[in-house]
Structure formats: structure tokens, C-alpha cells
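Commentary on secondary and tertiary structure
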Amino acid sequence: MHIVIISGSRSEYGLLQPLLVELRKGDPWAELIRLDEECFANSDTREGTCSSMGLVMMKLPRLLTEVKYDKVVVLGDRFEILSAACCAYTLGIPISHIEGGDTTLGSLDEGYRRAIRCLASEHYDVEKFGSLACVMPEIRYNAEQYEFVFCYHPWNGDWRKEFSRLLDWYMCYQLSPQGGKGVFITANKDAGGKWINSQYEKLGIEPRGFDRQTYLSILAKARFIVGNSSSGLIEAPMLKVPTFNVGDRQKGRLRGPSVYEGYGDPDIILPAIT
């Protein structure tokens, strides 16, 4: 059987790598296609996102027809993965969809995920099979030490106002006796992500991106994570790191007792941390 895994983002690639390794143990034809970064050059607007989806659908068919694949494996709920699923479905290649049963009501990803699920012939939902995020790499305890991890992405609501309030929290926290150095993670490719990164830079903050092992090693040593990333609901609780989840981007997703809802309000988050 010839299997191909398709990845469209850094975080997704980190999750899929262990799966690729396992597949190759029994099937030397398993391989990974990482979608070209050029496809996402203009994805910072909704119109640009549509353009990016079109670029993926223009480039991917050639890659999928170079080898006669028996199965395409995709993960989650990203717009680029929907494009990949449309290509595979149209080419008649069966699709295995990992983690297609999640819910994120505050994000466009909710609709993308449902559409991918409709196109897929095999489903590996978290409730039955667990999450790939639970496959933890070896934590490097010599990783950089930060007081907190700050990770925020655009979503369907008034996220610019929410993000500004979260930056207000950061400024308040820095002035508090408990204030410490944090690491700011680059926003994703969704419309508005570049704007978020530009706001960090205006404050003299350099947003950073890490491979999965480095990121989790940093998160494991942090006092807490704040923002609206899924890693605050999945990986952080596994590492016993408290999460201050902001807003409704992750609305509907299961969460544990170490996840606190702050809604971007400095008056709520700051006392809870201190």
C-alpha cells in the first residue's frame, strides 16, 4: 500500500512526524508531502486565504498523480487541508481523516473540518483513538526558561479587540511584582496572523516559531500559557501547566480542570495568576 500524509503547517508537521515514522516501519512507501510555503504568501486576508486554497489545488494534483497512492492521510481542520482533501477526493484517492470529530465553534476551522469529514472514507476521532498531540517527544529540560507562553490566533469574533485587551493584560503583568519574561509564539496562517505578529513587533517583541519538541520543552518549564491555542487545552494539561484560555476560539472543545477562562480581561487573568 502506498500512503501519503499531507501537512500544511509547522505544528501539524510536528504531530504527523511520529505517525510517518510508524508507517514506514511496516510500509516503505509511506511518505509526507509538506505544502509549499509559497502557497500561503497572501493568506493574511479572507480573499488571500481563498487564493492560497486555489494555489494548493493547482499544485497538489501533480504531486498526487506522480505516484499511484492508495490512501491520503490528513489531520484536523485547516483551510489548506480542505484543499488537499478536495484534490484527493476528486482524484479518487481514499482519505483517512485524523481528529475530525473535534469542535471549535469560534473558528472557521469548524466548517473546514466538517467538510473534510464528509470527503473522508476513514475517520480516526479523538474520542476513540486519542489525539496525536498525546504522543509526546522527549522533553529537553535544558530548554530556554520562560515565565509564560503567549500564543494567540485570529478567529471569527472581534479578535482584534480581544487581542488588544490581552496585550493590556501583558503590560499590566509586566508591571506587577510577579511579572516575568515570556515567549510569544508566531500567529498561524489565518487571515490576520501577520497583523498579530506586527503588533508584537511594535512592542519590541520578536514572535518566535519552534519545532514541536523545542516548543513542548519550553512549555513544560513555563509557569502558565495564555492565549487561545489548542495546545493550551491539549498539551499544556498533559505537561501539568495551567492554561488561561481567552475568548471563544476553542468553544466546544473538551478541556480539563487546569484550563481557566480569562476572556482577555486583565482584571480577571492577573489576580488569578498572582
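Below is a summary of the structure that appears in this document.

Calculation rules
- Residues numbered from 1 in each chain as written.
- Predicted model: local features only at pLDDT ≥ 70, side-chain atom pairs only at ≥ 80, totals over all residues.
- Heavy atoms only, no water.
- Helix = DSSP H or I, 4+ residues; strand = E, 2+ residues; numbered from the N terminus.
- Rg over C-alpha atoms; globule rule 2.2 N^0.38 Å.
- Buried < 20%, exposed > 50% of the residue type's maximum accessible area, 1.4 Å probe, protein only.
- Contact = heavy atoms within 4.5 Å.
- Areas by Shrake-Rupley, 256 points an atom, 1.4 Å probe, with all protein chains shown as cover.
- Lys, Arg positive; Asp, Glu negative; His and termini not counted.
- Charge placed at Lys NZ, Arg CZ, Asp CG, Glu CD.
- Salt bridge = Lys/Arg side-chain N within 4 Å of Asp/Glu carboxyl O.
- Pairing = 2+ DSSP bridges.
- Right-handed = clockwise from strand over helix to strand, strands pointing away.
- Axes fitted to C-alpha atoms, helices over the stretch in contact; angles between N-to-C directions.

**Quick word on the overall build of the protein**
When helices and strands are counted, the protein shows 10 helices and 10 strands. Computed over the C-alpha atoms, the radius of gyration of the protein is 19 Å, within 12% of the 19 Å expected from 2.2 N^0.38 for a compact globule of 274 residues. With respect to the principal axes defined by its C-alpha atoms, the protein has extents near 60 × 40 × 30 Å. Every one of the 274 residues in the protein was classed for burial, and the buried ones make up 53%. In the protein, the share of contacts with a sequence separation of at least 24, taken over all contacts with a separation of at least 6, comes to 66%. When the accessible surface of the protein is split by element, carbon and sulfur atoms take 54% of a total near 12,900 Å². Seen as two clouds, the 31 positive and the 35 negative side-chain charges of the protein have centres 1 Å apart.

**Digging into the pattern of salt bridges**
Inspection of every chain in the model, using the stated rule, returns 18 salt bridges. The partner of Asp 109 in a salt bridge is Arg 78, with the nearest N and O atoms 3.7 Å apart. Taken together, the residues span a long stretch of sequence, with Asp 109 in helix 4 (residues 109-119) and Arg 78 in the loop between strand 3 (71-75) and helix 3 (79-90) at a distance of 31 residues. Neither residue differs from the other here; Asp 109 and Arg 78 are each classed as buried. Ionic pairing is found between Asp 102 and Arg 253, a salt bridge with its closest N-O pair at 3.0 Å. One end of the pair, Asp 102, is in the loop between strand 4 (95-98) and helix 4; the other, Arg 253, is in the loop between strand 9 (243-245) and strand 10 (259-261), and 151 residues separate them in sequence. Each of the two residues, Asp 102 as well as Arg 253, counts as buried. Beyond isolated ion pairs, a larger network of salt bridges with shared partners links Asp 77, Glu 110, Arg 113 and Arg 114.

**Some remarks on the pairing of strand 3**
Counting buried residues in strand 3 gives 5 out of 5 residues, a clear majority hidden from the surface. In the sheet, strand 1 (residues 3-7) pairs with strand 3 via 3 bridges, with the strands oriented parallel. Within strand 3, the position partnered with Val 4 by the bridge is Val 72. In this sheet, strand 4 lies alongside strand 3 in parallel orientation, the contact comprising 4 bridges. Bridge pairing links Leu 75 to Ile 98 in strand 4. Handedness of the crossover joining strand 3 and strand 4 through helix 3: right-handed.

**Concerning the sheet that holds strand 8 (residues 224-227)**
On the basis of which strands lie adjacent, the open sheet formed by 5 strands has the order 7-6-8-9-10 and parallel pairing. One side of each edge strand has no neighbouring strand; the edge strands of this open sheet are strand 7 (182-184) and strand 10. Across the sheet, the mean angle from the axis of one strand to that of its neighbour is 20°, orientation sign disregarded. Across 3 bridges, strand 9 lies against strand 10 in parallel orientation. Its bridge partner lying in strand 10, Thr 243 is registered against Val 259. Where helix 6 (residues 159-175) meets the sheet, its contacts fall on strand 6 (148-151), strand 7 and strand 8, and the angle it forms with strand 6 comes to roughly 160°.

**Looking at the sheet that holds strand 4**
Spatial ordering of the open sheet is given by 2-1-3-4-5, a layout of 5 strands whose pairing is parallel. Every interior strand has two partners, whereas the edge strands, strand 2 (31-34) and strand 5 (122-124), have only one. With direction set aside, neighbouring strand axes in the sheet form an average angle of 25°. Together, strand 1, strand 2, strand 3 and strand 4 form the strand contacts of helix 1 (residues 10-26), whose direction differs from that of strand 1 by roughly 165°.

**Let's talk about the environment of Lys 128**
By the element assignment, Lys 128 lies in helix 5 (residues 126-129). Exposure remark for Lys 128: the relative accessible area of 69% places this residue in the exposed category. As a C-alpha pair, Lys 128 and Ser 11 span 117 residues in sequence and 22 Å in three-dimensional space.

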